[in-house]
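Residue strings, one per chain:
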Amino acid sequence: MFWKKNRQPANSLDIRARDTLPRLLVRNARRYGDRKVALREKEFGIWQTFTWKDYLEHVRLFCLGLVSLGLEKGDKVAMIGDNRPEWVFAELAAQSAGAVPLGIYQDSTPKEVGYVIDHSDAKFVVAEDQEQVDKILELRESIPKVRKVIYTDPKGMRNYDDEFLIDFRKVEDLGRDLYARGSKLFMDMVYAGTGEDLALIAYTSGTTGFPKGSMLSHTNILKMAGNLIRVDPKYSDDEFVSFLPLPWIGEQMMSVGSALLVGFTVNFPEEPETVQENIREIGPNVMFSPPRIWENLAASVQVKIMDATPLKRLAFNISLPIGYRMADCGFEKRKPSFALRFQYFLAYMFAFRALKDRLGFSHLRSASTGGAALGPDTFRFFHGLGVNLKQIYGQTEISGISCIHYDGDVNFDSVGKPIPETEIAISPDGEILSRSPSVFLGYYKNDEATTQTLKDGWLHSGDAGHFTDDGHLVVIDRVKDVMQMSNGTLFSPQFIENKLKFSPYIKEAVVIGDQRKFITAIVNIDMEIVGKWAEKNRTNYTTYTDLSSKPGVYDLIESEIRRVNSELTRINKASIIVKFVLLYKELDADDEELTRTKKVRRGFIGERYKEVIEAMYTDTEAVPIDTIITFQDGRTTRIKTTVAVRTMDVE
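Here is what the cut-offs are and how they apply
- Residues numbered from 1 in each chain as written.
- Predicted model: local features only at pLDDT ≥ 70, side-chain atom pairs only at ≥ 80, totals over all residues.
- Heavy atoms only, no water.
- Helix = DSSP H or I, 4+ residues; strand = E, 2+ residues; numbered from the N terminus.
- Rg over C-alpha atoms; globule rule 2.2 N^0.38 Å.
- Buried < 20%, exposed > 50% of the residue type's maximum accessible area, 1.4 Å probe, protein only.
- Contact = heavy atoms within 4.5 Å.
- Areas by Shrake-Rupley, 256 points an atom, 1.4 Å probe, with all protein chains shown as cover.
- Lys, Arg positive; Asp, Glu negative; His and termini not counted.
- Charge placed at Lys NZ, Arg CZ, Asp CG, Glu CD.
- Core = buried A, V, L, I, M, F, W, Y, C linked by side-chain atoms within 4.5 Å.
- Arc of directions from axis to C-beta.
- Patch = residues over 30% accessible without salt bridge, like charges linked within 9 Å, V, L, I, M, F, W, Y side chains within 5 Å.
- Salt bridge = Lys/Arg side-chain N within 4 Å of Asp/Glu carboxyl O.
- Polar contact = N/O pair within 3.5 Å; in protein donor to acceptor, adjacent residues only side chain to side chain.
- Pairing = 2+ DSSP bridges.
- Phe/Tyr/Trp six-rings, centres within 6.5 Å; stacked < 30°, edge-to-face > 60°.
- Axes fitted to C-alpha atoms, helices over the stretch in contact; angles between N-to-C directions.
- Parallel < 35°, antiparallel > 145°, perpendicular 65-115°, else oblique.
- Left-handed = near helix turned anticlockwise from the far one by under 90°.
- Nonpolar A, V, L, I, M, F, W, Y, C, P; charged D, E, K, R; others polar.
- 1 Å grid on protein atoms, 1.4 Å probe; cavity = no way out; pocket = protein on both sides within 12 Å on 5 of 7 lines; lining within 4 Å.
- Points joined across faces, edges and corners; volume = space filled by probe spheres on them.
- pLDDT = per-residue confidence, 0-100.

(A) Focus on the overall build of the protein. For the protein, the helix and strand inventory stands at 21 helices and 29 strands. Relative to the globule expectation of 26 Å for 651 residues, the C-alpha radius of gyration of the protein, 25 Å, shows essentially globular dimensions. Along the first, second and third principal axes, the C-alpha atoms of the protein reach 80 × 60 × 55 Å. Taking all 651 residues of the protein together, the buried fraction comes to 60%. In the protein, 65% of the contacts between residues at least 6 apart in sequence involve partners at least 24 apart. Split by element, the accessible area of the protein, about 27700 Å² in all, is 51% carbon and sulfur. The averaged location of the 91 negative side-chain charges in the protein is 5 Å from the averaged location of its 84 positive side-chain charges.

(B) Up close: the nonpolar core. Within the largest apolar cluster, 119 residues are counted, with the highest numbers of intra-cluster contacts made by Tyr55, Phe381 and Phe382. Those residues in contact with phenylalanine 382, other than ones at most four positions away along the chain, are Trp294, Leu297, Ala298, Phe361, Val387 and Leu389. Counting 56 residues, the second largest nonpolar core, distinct from the first, contains Ile522, Val553, Ile605 and Val643.

(C) Quick peek at helix H5 (residues 130-138). Of all the positions in H5, only Gln132, Val133, Lys135 and Ile136 are classed as buried. Down the axis of H5, the smallest arc covering the buried residues is 155 degrees, so these residues share one side.

(D) Representation of a nonpolar patch on the surface. On the surface, Phe338, Phe342, Phe345, Leu346, Met349 and Phe350 cluster together into a nonpolar patch covering about 660 Å² of accessible area. The class of phenylalanine 342 is partly exposed, set by a relative accessible area of 45%.

(E) How the structure looks around the environment of glutamine 343. When you line up the elements, glutamine 343 lands in helix H13 (residues 338-359). When the C-alpha positions of glutamine 343 and serine 319 are compared, they lie 8.4 Å apart, and in sequence the two are 24 residues distant. Contacts of glutamine 343, omitting those with residues within four sequence positions, involve Ile322 and Arg325. Only 3.0 Å separates the side chain of glutamine 343 from the side chain of arginine 325, close enough to count as a polar contact.

(F) Spotlight on the pairing of strand E2 (residues 46-51). One ladder, built from six bridges, connects strand E1 (residues 37-43) with E2; its direction is antiparallel. Looking across to E2, one finds that glutamate 41 is bridged to glutamine 48. In this antiparallel pair of consecutive strands, E1 and E2, the connection spans two residues, and phenylalanine 44 shows a positive phi of 55 degrees.

(G) Representation of the packing of aromatic side chains within the structure. Overall, the coordinates contain 18 aromatic pairs when judged by the stated rule. Between phenylalanine 62 and phenylalanine 168 the ring centres are 4.1 Å apart and the planes differ by 10 degrees, which places this aromatic pair in the stacked class. Taken as a pair, phenylalanine 62 in helix H2 (residues 52-68) and phenylalanine 168 in helix H6 (residues 168-181) lie far apart in primary sequence, 106 residues in all. Accessibility classification places phenylalanine 62 together with phenylalanine 168 in one group, the buried group. Ring plane angle 85 degrees and centroid distance 5.4 Å describe the contact between phenylalanine 381 and phenylalanine 382, whose orientation is recorded as edge-to-face. In this structure, phenylalanine 381 and phenylalanine 382 share a single accessibility class: buried. Linked through ring pairs, Tyr32, Phe50, Trp52, Tyr55 and Phe89 together constitute an aromatic cluster.

(H) Molecular detail of the packing of helix H11 (residues 291-307) against helix H17 (residues 527-536). Packing of H11 against H17 leaves a shortest axis separation of 11 Å and a crossing angle of 20 degrees. By the angle between their directions, the pair H11 and H17 is classed as roughly parallel. Taken as a pair, H11 and H17 cross one another with a handedness that is left-handed. Every residue of H17 that contacts H11 at Ala299, Val303, Met306 and Asp307 is listed here: Ile529, Lys532 and Lys536. Here the residues of the contact of H11 with H17 sort into four nonpolar, no polar and three charged.

(I) Region of interest: empty space enclosed by the protein. Summed over the entire model, instances satisfying the criterion amount to three cavities of 30 Å³ or more. Taken together, Arg292, Glu295, Asn296, Ala299, Lys501, Ser503, Pro504, Ile506, Lys507 and Asp526 form the lining of the largest cavity. The biggest single contributor to the lining of the largest cavity is H11, with four residues. Here the lining of the largest cavity is composed, by residue class, of three nonpolar, two polar and five charged. A volume near 70 Å³ is recorded for the second largest cavity. Secondary structure elements with two or more residues in the lining of the second largest cavity: strand E3 (76-80), helix H3 (85-96) and strand E5 (122-127). Taken together, the residues of the lining of the second largest cavity break down into five nonpolar, two polar and four charged.

(J) Structural detail: the packing of helix H1 (residues 21-32) against H2. In contact at an axis separation of 8 Å, H1 and H2 are set at 140 degrees when each is read in the N-to-C sense. Taken together, H1 and H2 sit at an angle that is classed as oblique. Viewed along their axes, H1 and H2 form a crossing whose handedness is left-handed. Along the contact surface, H1 presents Leu25, Val26, Asn28, Ala29 and Tyr32, while H2 presents Trp52, Lys53, Tyr55, Leu56 and Val59. Taken together, the residues of the contact of H1 with H2 break down into eight nonpolar, one polar and one charged.

(K) Molecular detail of the side chain of threonine 422. With respect to the helices, strands and loops of the structure, threonine 422 is situated in the loop between strand E16 (417-418) and strand E17 (423-426). The residues touching threonine 422, leaving out its near neighbours within four places in the chain, are Ser402, Arg435 and Ser436.

(L) View of the pairing of E1. Burial within E1 is extensive, with five of its seven residues counted as buried. With three bridges connecting them, E1 and strand E11 (residues 265-268) associate as parallel partners. Considered in E11, the bridge of arginine 40 is made with asparagine 267.

(M) Broad picture of unusual backbone geometry. The backbone of glutamate 421 shows a phi angle near 65 degrees, a positive value even though the residue is not glycine. Position of glutamate 421 relative to the elements: it lies in the loop between E16 and E17. Residue glutamate 421 is classed as partly exposed on the basis of its relative accessible area of 43%. A positive phi angle, close to 60 degrees, is found at glutamine 515, a residue other than glycine. If you trace the backbone, glutamine 515 turns up in the loop between strand E25 (506-512) and strand E26 (519-525).

(N) A look at the environment of arginine 358. The topology assignment puts arginine 358 in helix H13. Taking C-alpha positions, arginine 358 is 19 Å from glycine 45, a pair spaced 313 residues apart along the chain. Non-local contacts of arginine 358, meaning those with residues more than four positions away in its chain, are made with Gln276, Arg280 and Lys304.

(O) Geometry of the confidence of the model for the protein. With 96% of its residues at a pLDDT of at least 70, the protein reaches an overall mean of 90. For the stretch residues 1-6, pLDDT sits under 50, and the model shows nine contacts to residues farther than four places along the chain or on other chains. In the model, residues 8-12 has pLDDT below 50 throughout and makes 18 contacts with residues more than four positions away in sequence or in other chains.

So this is what it looks like as structure tokens:
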């Protein structure tokens, strides 16, 4: 891996009091003009480019178009859809006028969409396509504050004759007319803004109920981006692929805050289904993803190896232990021997280099994960391949980031050390507290929650943790999720779940055991991977429900849980899994079992699957199921099946 070690971040990281995201856009447009690409989007199989000059022009026209439609300072503009240039155009346009943008997850149900639009007092909604427009039209009577819905993709919209709707390009045309009448208006609005102005309302994942709207200023976002870049540099010639939902603070941190501050290029995939292909085409230098993405990638690699030729499979199986030994040297800050370095060179040339190219990681320099804990096994796996993966820790309420692993100081059991200008403390009851210039202004229309979360300038995270002797922060779990067995043994369900999810056959797991005699687990199989296993083993199946009920699949998952139990025994023999079930359906955000960022809603699952859970603590061997599941479009279906309870053979 060869990098320009002496490069410095292209732009000054000194954040001034009046700096805003739109001001940085103006600065970059003046600096780079048409000489540098700011955004790319793959459309119709071709990468369409937008220079920094184009970027500013679209923002200017859309901003003035919104003003023509009645947008005023302080108004709210909601956006929903996949990651597209029009999203960031709309976001920067709203900020330029002193208005406040907010994002809604594209797979949200109409009920969830309606809640965010109404709660935020949105005056305008920018919706990507017919699907999103239909959701909003369904809610029309319950969102009376919305003046216009602006759609960006006209496909299928030809017969929608409604003054409530308007095409994105027509709004830009309105802006073009206003610009012709007053060319200084846009710049006057941009330069009237200050860093302390409200820049974004970022809705939290809502693990315990409806999401809360975190109010973030321009200074909050830019301070976080600048301080992160000081310890994990980004450069103006870097490439980044934006494929995670833009309502998520992690994606805002990269695609908007860091991109505008540094000036690197943001690329938008053609479709969510083509992300991996598009990543390989771009070969990004920077990648930030939540644990689920890295877990899925690790699982996909293991599946590809299963399907590979015997020679390739042999090369990988010989190389991976070498990669692990090399990674362990880095983790333990030991200098690898000459023999190990030579072995790793051969492993890299014969196995890892081609694999990284297949993943699109050939040029990857800055790789990080955040949003939840990533299991040590997955962490070690990528370091073994030569991917310098680092854990990031933070919350929406601190603009995304407060800690990261520094280069050369990676401890996969921790989340690293605080970034500059960030203080971390542990409260007497073990809660992680943070203080920095990036701490949010409060929750929108929720003073009570703000008071509970923000006390004397300290952000109360709700996470339990501690520091290591060398200053690394270790996050145990959510304070409310740390569990205690009836014999007094404390355990972290998240830690065990991450161990389970390293298996390519396990997609999701929920560990139970609070105030119980032993630990149990509800497991979701990965249908694609387990399906391939079933085909190889001549096991017939029809649906997910059918596949998950097969005795052979239970045996397969039991062997994976045995592996995890053997590791858990070395830590705490009492924390092993004694019983498990394979759930008849995947946990789904549409059924309110997961948040839109794919975090488990433990309380909801505890209630919904109460009968299944209780059965695991009796002598019952099977649980009859008769239930209703909900699809994204609101349709429902009935499932009738039987879930087997498997008891592990433990001492």
